[in-house]
Amino acid sequence: MNHFILILIGFLVATPIANATETDSVTVPNTMAERVKACTICHGDEDRAGRDAYYPRIAGKPQGYLFNQLLNFRDGRRYYQPMAILLENMSDEYLLEIAHYFSSLKLPYPPPEHINLQPEEIKLAEQLVFSGDPERELPACSACHGDNLMGVEPFIPGLLGLSRVYIAAQLGSWRNGGVMRGQTPDCMSEIAKQLASDETNAITKWLAVQPASGNPNPVTALAPELAHRCHSIVQENGAAK
Amino acid sequence: MKYLFFISIASRQKAGALFFSCILLMLLTMRLMAADTVIENPDLSVLEQQQTLGAYLTRVGNCMGCHTAKGGQEFAGGRRLSTSFGIFVTPNITPDEETGIGHWNQEDFWQALHSGKSRDGRLLYPAFPYTEYTKVTRQDANAIFAYLQSLPAVSQFNPPSEIHFPYNFKPLLSIWRTLYFKEGIYEPDEGKDEEWNRGAYLVQGLGHCNACHTTRNLLGASEGDTLTGGQIMGVNWYAPSLTSHLEAGAGDRTIEELAELLTTGISERAVASGPMATIVGQSLQHLTPEDIRAMAVYLKSLGENHTNDSNGTSFSVTTGSLLKQLKQGGQLYEQYCQECHGATGEGVPGIYPPLANNRSVVMDSPLNTIRSVLNGGYPPTTAGNPRPYGMPPFQQILRDNEVALVVSYIRNSWGNNAGLVTAIDVGRSKGGDH
């Protein structure tokens, strides 16, 4: 955590100076938007229907969450080769700046997907999302991801505005403990492992059809005992250096 | 049969040379050790000085780069290096007694760095570039050892390397060593000044530039000349010649330009990509301006001595179908590349590399250019370029034949002149690390 805050402070102090002194004579804008064109080719701001649905939206997600993911991709804890290549030689400071940039982007959310859900699927999904299953000690998704499911600052991402394919892939790789995500067991892998496949299926569909609106919740929205379950929250910014 | 015969002759000749160099070495080491005893007094600050020097030299050698797993504990090993010998898993070199080199002494360390032998006498594979580190002086080696021993001990066992047949057959390694391993400290060239010699010492020794920048034969040995360029074993990148003016030879570069590239990762005319970006990011950016300058001086002189090599492939596009291909490539360029690299491939100095008149683009081997287009990339973040601009990957957007068209186009526009590229070349350029 200290590490994270230190970098953050360094960043806040350094950025305005950097911006003030650098002026390129040529037409390349001295902006983050220009610097991350290599990212926005996939994480574009167009509506996702025109693109490969698998590329997750990253704009507006909590900064700490994005920073953790960038560290994970760079350091091999989350696996996606095209991104690992881009991030390979980037400093923590620059990754934080990139995380800050994307998290402060406020782009309109894509419209929800059109998927048919059976009434019993809706019931099952809503039950698990908002109440969990006390018998299995399975907390509600909303307990961590916020009542509106728009996430909690700074480490927990929202669950709306993501495609079904993407959510399914994430839950799948947590459950299988594969190389794709979460090399180390964590709260999400424990949760994903507890869900039966019809449950995962129902939740995934249900999340993808909800319209996204609202903002991530303040950090106070998260109960400490839940936060303690998650490595990515308690652990020093996930950077385990 | 013939081959074996050749080996036996070669080894007999080598044996003589080896004997001689052993004597020489003994004399030298004795001299350097004498120097050491002067340095090695119980005064703590001297030890600290040695460790500080060692920390710096460890950066120059990029020991941490190889001996740290992705996201792992520094120097605790576990990084997987794919080579054509197989996959090496680097050992733990922290001072942990059980899993690291905590029980080693200076002599053991010298034997590893200088002679490529582990503490128990096991011959080491040249995936550990002792073939270059052998040029390091005893004094510098001791400093590195002192630094490594001052690190926090990390208890970490690493899985064994997975070395392929026939390279896992140990006698092959000793044959290899007899043939290709020249043990010996760097010998200064009296005809050159101190700066040049310092540069040569760093480039040939700790900098281990030759570990990548030389053609390797099937046994993984450098072939003949040094720094003449070659495909890196097991990694799908071509490290260009540092002597030829057709590749990355620095004969026509200024010292300042070279120094800028090596420390910041980008200069007006060039950019460090792939494995070279990693070397700049992890190692070269931390060198003192004096050492970088010395390296640049040496590299420039290498380039100046090799200006007579000829371009084997002067290429000219004549037939109609080829012209049509280039036209299609041009359309793709306009759509996907021009916004950054400019309508005439001029680029933007220090931000987007030029493609016109860029030797990386027109080298005989199109491998790196194809890889840049497929995978994109960022120059390393360095003190001199802390917020680099990036190149998007196009693998998920362009088909192999489209990549071939656009690469052929940039290799033959704005005065560039190089061989065309096919979809098969593009397919072959996929895979590999970085």
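Along each chain, numbering runs from 1 in the same order as the chain's sequence is written. Chains carry letters from A onward and ligands carry numbers from 1 onward, assigned in written order. For a predicted model such as this one, the threshold for reporting local features is a pLDDT of at least 70, and the threshold for listing and counting side-chain atom pairs is 80 or more; totals across whole chains, interfaces and linings nevertheless cover every residue. Where side-chain values are given, they derive from all heavy atoms of the structure, hydrogens and water being excluded.

Draft legend 1. Broad picture of the overall build of chain A. Secondary structure elements follow DSSP: runs of H or I of four or more residues count as helices, runs of E of two or more count as strands, with numbering from the N terminus. Across its full length, chain A holds 13 helices and zero strands. Each of the 241 residues in chain A was classed as buried or not, and the buried ones make up 50%. Contact between two residues is taken to exist if any of their heavy atoms lie within 4.5 Å; hydrogens are not considered. Counting contacts in chain A only where the partners sit at least 6 residues apart, residues at least 24 apart contribute 72% of the total. Roughly 11700 Å² of accessible area belongs to chain A as shown, and the carbon and sulfur atoms make up 59% of that amount. Buried residues are those whose accessible area, probed at 1.4 Å on protein chains only, stays under 20% of the maximum for their type, while exposed residues exceed 50% and partly exposed ones sit between those limits. Calculation of accessible area relied on Shrake-Rupley with a 1.4 Å probe; when residues are assessed, cover is drawn exclusively from the protein chains displayed.

Draft legend 2. Expanded view of the overall build of chain B. A count of helical and extended segments in chain B gives 17 helices and five strands. For chain B, buried positions account for 51% of its 434 residues. Of the accessible surface of chain B, which amounts to about 20500 Å², a share of 58% is contributed by carbon and sulfur atoms.

Draft legend 3. Region of the structure containing the domain arrangement of chain A. Residue and element names in this part refer to chain A. Partitioning chain A into structural domains gives domain 1 (1–108) and domain 2 (110–235). In this assembly, 20 residues from domain 1 lie in contact with 25 residues from domain 2. Summed over both sides, the interface of domain 1 with domain 2 buries roughly 2000 Å², with 56% coming from carbon and sulfur. In the sections that follow, a salt bridge refers to a side-chain nitrogen of Lys or Arg positioned within 4 Å of a carboxyl oxygen of Asp or Glu. Connecting domain 1 to domain 2 are zero salt bridges. Under the rule applied, a polar contact is a pair of N or O atoms within 3.5 Å (in protein, one hydrogen donor and one hydrogen acceptor; residues adjacent in sequence only if both atoms are side-chain atoms). The tally of links from domain 1 across to domain 2 stands at four residue pairs in polar contact (both at pLDDT 80 or more). When residues are sorted by character, Ala, Val, Leu, Ile, Met, Phe, Trp, Tyr, Cys and Pro go into the nonpolar class, Asp, Glu, Lys and Arg into the charged class, and all the rest, Gly among them, into the polar class. Tallied by class, the residues present in the side of domain 1 that touches domain 2 amount to eight nonpolar, six polar and six charged. Either an automatic procedure or a domain database provided the assignment from which the domain bounds are taken. In this description, buried area is defined as the sum, over both parts, of the accessible area (probe of 1.4 Å) that is lost when the two are combined.

Draft legend 4. Here's a closer look at the interface of chain A and chain B. Listed as interface residues are 34 residues of chain A and, on the opposing side, 28 residues of chain B. On the chain A side of the interface with chain B, the three residues burying the most area are R35, I41 and N89 of chain A, jointly 24% of the side's total. Linking chain A with chain B are two salt bridges, by the criterion used here. Across the salt bridge formed by R387 of chain B and E97 of chain A, the nearest N and O atoms sit 2.7 Å from each other. Summed over the shared surface of chain A and chain B, the result is ten residue pairs in polar contact (both at pLDDT 80 or more). Counting only elements with at least two residues in the side of chain A that touches chain B, the list comes to α1 (2–21), α2 (32–35), α3 (37–40), α5 (81–87) and α6 (92–104) of chain A. Here the element with the most residues in the side of chain A that touches chain B is α5 of chain A; it accounts for four residues. In terms of residue class, the side of chain A that touches chain B is built from 17 nonpolar, seven polar and ten charged.

Draft legend 5. The environment of S244 of chain B, seen in detail. All names here are of chain B. As for its position among the elements, S244 is in the loop between β5 (238–239) and α9 (255–264). Judged by its relative accessible area of 9%, S244 is buried. Between the alpha carbons of S244 and L227 there is a distance of 9.2 Å; along the sequence they are 17 residues apart. In this structure the side chain of S244 is engaged in a polar contact, spanning 3.0 Å, whose partner is the backbone nitrogen of L246.

Draft legend 6. Spotlight on the sheet that holds strand β3 (residues 162–163) of chain B. Pairing in this open sheet of three strands is antiparallel, and the strands run β1-β2-β3 (chain B) from one edge to the other. Of all strands in the sheet, those bounded by a partner on one side alone are β1 (80–83) and β3 of chain B. The pairing criterion for strands is at least two bridges between them, as found by DSSP.

Draft legend 7. Broad picture of the domain arrangement of chain B. Here chain B is described as being made up of domain 1 (1–34), domain 2 (42–180), domain 3 (194–304) and domain 4 (321–428). One C-alpha centre belongs to domain 2 of chain B, the other to domain 4 of chain B; they are set 38 Å apart.

Draft legend 8. Region of the structure containing unusual backbone geometry. Geometrically, the link from E153 of chain A to P154 of chain A is a cis peptide bond, its omega value of -10° lying close to zero. Within the secondary structure, P154 of chain A sits in the loop between α8 (141–145) and α9 (164–176). Note that the residue after F165 of chain B, namely P166 of chain B, is joined by a cis bond; omega there is 0°. Topologically, P166 of chain B is positioned in the loop between β3 and α7 (170–180). One non-glycine residue, E137 of chain A, lies in the positive phi region at around 55°. Looking at the secondary structure, you find E137 of chain A in the loop between α7 (119–130) and α8. The exposure class assigned to E137 of chain A is exposed, which follows from its relative accessible area of 60%.

Draft legend 9. Main features of the state of the cysteines. Note on terminology: disulfide denotes any pair of cysteine sulfur atoms within 2.5 Å. Throughout the structure, instances matching the rule amount to one disulfide over all chains. Note on cysteine connectivity: C187 of chain A is disulfide-linked to C230 of chain A, with sulfurs 2.1 Å apart. Here C187 of chain A and C230 of chain A share a disulfide; its torsion about the S-S bond, 110°, makes the bridge right-handed. Of this pair, C187 of chain A sits in helix α10 (residues 187–194) while C230 of chain A sits in the loop between α12 (224–227) and α13 (231–234), and the two are 43 residues apart along the sequence. Comparing C187 of chain A with C230 of chain A shows no difference in burial state: the two are buried. Left without a disulfide partner, C66 of chain B is nearest to the cysteine sulfur of C63 of chain B, which lies 8.8 Å away. Cysteine C209 of chain B is unpaired, with the sulfur of C212 of chain B as its nearest cysteine sulfur at 8.8 Å.

Draft legend 10. Local environment of helix α4 (residues 106–115) of chain B. Residue and element names in this part refer to chain B. Burial analysis of α4 places seven of its ten residues in the buried class, which makes it a mostly covered element. Every buried residue belonging to α4 is among D108, F109, W110, A112, L113, H114 and S115, and all of these are buried. Looking at where α4 begins, the residue whose side-chain oxygen comes 3.0 Å from the main-chain nitrogen of E107 is N105. One or two residues past the end of α4 sits G116, with phi positive at roughly 70°.

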